[in-house]
Amino acid sequence: MKKKLYRSGNAWALLIQKAILELLDINPKVDEVELEIEGKVLKVRKKE
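Residues take numbers from 1 onward in each chain, read along the sequence in its written order. Thresholds applied to this predicted model are a pLDDT of at least 70 for local features of residues and 80 or more for the giving and counting of side-chain atom pairs; totals over whole chains, interfaces and linings are not thresholded and use all residues. In computing side-chain values, all of the structure's heavy atoms are included and hydrogens and water are not.

**So, the pairing of strand β1 (residues 5-8)**
Argument step 1. In short, DSSP must find at least two bridges between two strands for them to pair. In this description a helix means any DSSP run of H or I spanning at least four residues, a strand means any run of E spanning at least two, and both kinds are numbered starting from the N terminus. Summarising the sheet, β1 and strand β2 (residues 11-14) pair through four bridges and their orientation is antiparallel. The partner of arginine 7 across the bridge, within β2, is tryptophan 12.
Argument step 2. Between β1 and β2, which pair antiparallel in sequence order, lie two residues; one of them, glycine 9, sits at a positive phi of approximately 65 degrees.

Structure (C-alpha cells):
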C-alpha cells in the first residue's frame, strides 16, 4: 500500500485508515502509539 504524507503545521502527517487501526486494535482517541525505526523502516505499534 502506498500512502502520501500531508503537511500539518511545521510537521508532516501520515493518515492511517480506520481498517488498519482496527486490525492493530488502536483507538486513536485514547491509545498512544510507539514509533520505532529499524534501518529505513518505521514501525508503529500500540503502546502497552
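Okay, back to it.
**Remarks on unusual backbone geometry**
A negative phi angle is the norm for most residues apart from glycine, just as the trans form is the norm for most peptide bonds.
Argument step 1. Its identity as a non-glycine residue notwithstanding, aspartate 25 has a phi of 55 degrees, on the positive side.
Argument step 2. For every residue, the accessible area (1.4 Å probe, protein chains only) is compared with the maximum for its type, and the residue is labelled buried under 20%, exposed over 50%, or partly exposed between those bounds. For aspartate 25, a relative accessible area of 53% corresponds to the exposed category.

**A few points about the pattern of salt bridges**
Argument step 1. Criterion for a salt bridge: a side-chain nitrogen of Lys or Arg within 4 Å of a carboxyl oxygen of Asp or Glu. In this structure the tally under the stated criterion is five salt bridges.
Argument step 2. One salt bridge in this structure joins lysine 46 and aspartate 31, with 3.7 Å as the shortest N-O distance. Here lysine 46 is found in strand β4 (residues 41-46), whereas its partner aspartate 31 is found in the loop between α1 (18-23) and β3 (33-38), with 15 residues between them in sequence.
Argument step 3. Here aspartate 31 falls in the partly exposed class, since its relative accessible area comes to 25%.
Argument step 4. Among the ionic pairs, lysine 47 bridges to glutamate 32, the shortest N-O distance being 3.7 Å. One end of the pair, lysine 47, is in the segment after β4; the other, glutamate 32, is in the loop between α1 and β3, and 15 residues separate them in sequence.
Argument step 5. Under the relative-accessibility criterion, lysine 47 is labelled partly exposed at 42%.
Argument step 6. Of the residues examined, glutamate 32 reaches a relative accessible area of 52% and is grouped as exposed.
Argument step 7. Among the charged side chains, a network of salt bridges with common partners joins Asp25, Asp31 and Lys46.

**Focus on the environment of lysine 47**
Argument step 1. Separated by 23 residues in sequence, lysine 47 and leucine 24 have C-alpha atoms that sit 11 Å apart.
Argument step 2. Two residues qualify as a contact provided that any one of their heavy atoms is within 4.5 Å of a heavy atom in the partner residue. Here lysine 47 is in contact with Glu32, Val33 and Glu34, once residues within four sequence places are set aside.

These results come straight from atomic positions and should not be treated as a statement about function.
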